[in-house]
Amino acid sequence: MIVTRSRLQKIGWAAILTVCFAMLVALTFRVNAVKSEVRLVERKLVSVQQQKELLKTEFQTRASQRKLTALNDFEFGFKAPTPGQYLESERQLASLGKPRAADAPAPIMVASAAREEESSFPTLVNPLSGRAEASEVKPEKPRRIAATAGNLGARLSQVSATKRDTIRE
């Protein structure tokens, strides 16, 4: 079999194209590998920048704590709590309480007085009976019990009219 010149040129071109295609694929893989490395380095760079910002914040916080400590010591005389200042139990806390002394002032009590509201409307008179009718029906006020330690249970068990209505519904 004799290979002609044109047939040889076609085979040569095919070989050159195959080599070029193989080099293109290799170059594409190499470019993608370099891009991947660049992305990894960028991620590491962002991570390092975040750590740097975190450390800056930590440093500023600690620096301001030192400034505050110095200011507290110099200006106000504040001291950090010592282990002896902490209580171990509720009993220790209760032992710190003292009964009120005989010369101590009485506790502050707030008084409230029921006020009669004056209506700007005239009193309505029923033409049939001749009696004055109230223009508005006033709700029945619950009886208030004076606040003392002895009747706390009675005060807490008293239910107002609005609470009774909501309980029934």
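What comes next concerns the included structure.

Cut-offs used in this document
Residues numbered from 1 in each chain as written. Predicted model: local features only at pLDDT ≥ 70, side-chain atom pairs only at ≥ 80, totals over all residues. Heavy atoms only, no water. Helix = DSSP H or I, 4+ residues; strand = E, 2+ residues; numbered from the N terminus. Buried < 20%, exposed > 50% of the residue type's maximum accessible area, 1.4 Å probe, protein only. Areas by Shrake-Rupley, 256 points an atom, 1.4 Å probe, with all protein chains shown as cover. Patch = residues over 30% accessible without salt bridge, like charges linked within 9 Å, V, L, I, M, F, W, Y side chains within 5 Å. Salt bridge = Lys/Arg side-chain N within 4 Å of Asp/Glu carboxyl O. Expected span 1.5 Å × (residues − 1).

What to know about the overall build of the protein chain
Secondary structure summary: the protein chain contains four helices and two strands in total. Evaluated residue by residue, the protein chain yields a buried proportion of 1% over its 169 residues. Total accessible area computed for the protein chain in this model is approximately 17300 Å², and 61% of it derives from carbon and sulfur atoms.

Comments concerning a nonpolar patch on the surface
Together, F21, L24, V25 and F29 make up an exposed nonpolar region whose accessible area comes to about 430 Å². Positionally, F29 belongs in helix α1 (residues 5–76).

Considering the pattern of salt bridges
Enumeration according to the criterion identifies one salt bridge in this entry. Of the charged contacts, one joins E53 and K56 as a salt bridge, the two residues approaching to 3.8 Å between their closest N and O atoms. With a gap of three residues between them, E53 and K56 both fall in helix α1, about one helical turn apart.

Details of α1
Here α1 is 72 residues long and its end C-alpha atoms lie 104 Å apart, about the 106 Å a rise of 1.5 Å per residue gives. One or two residues past the end of α1 sits G77, with phi positive at roughly 75°.

This is a description of form; function is not addressed.
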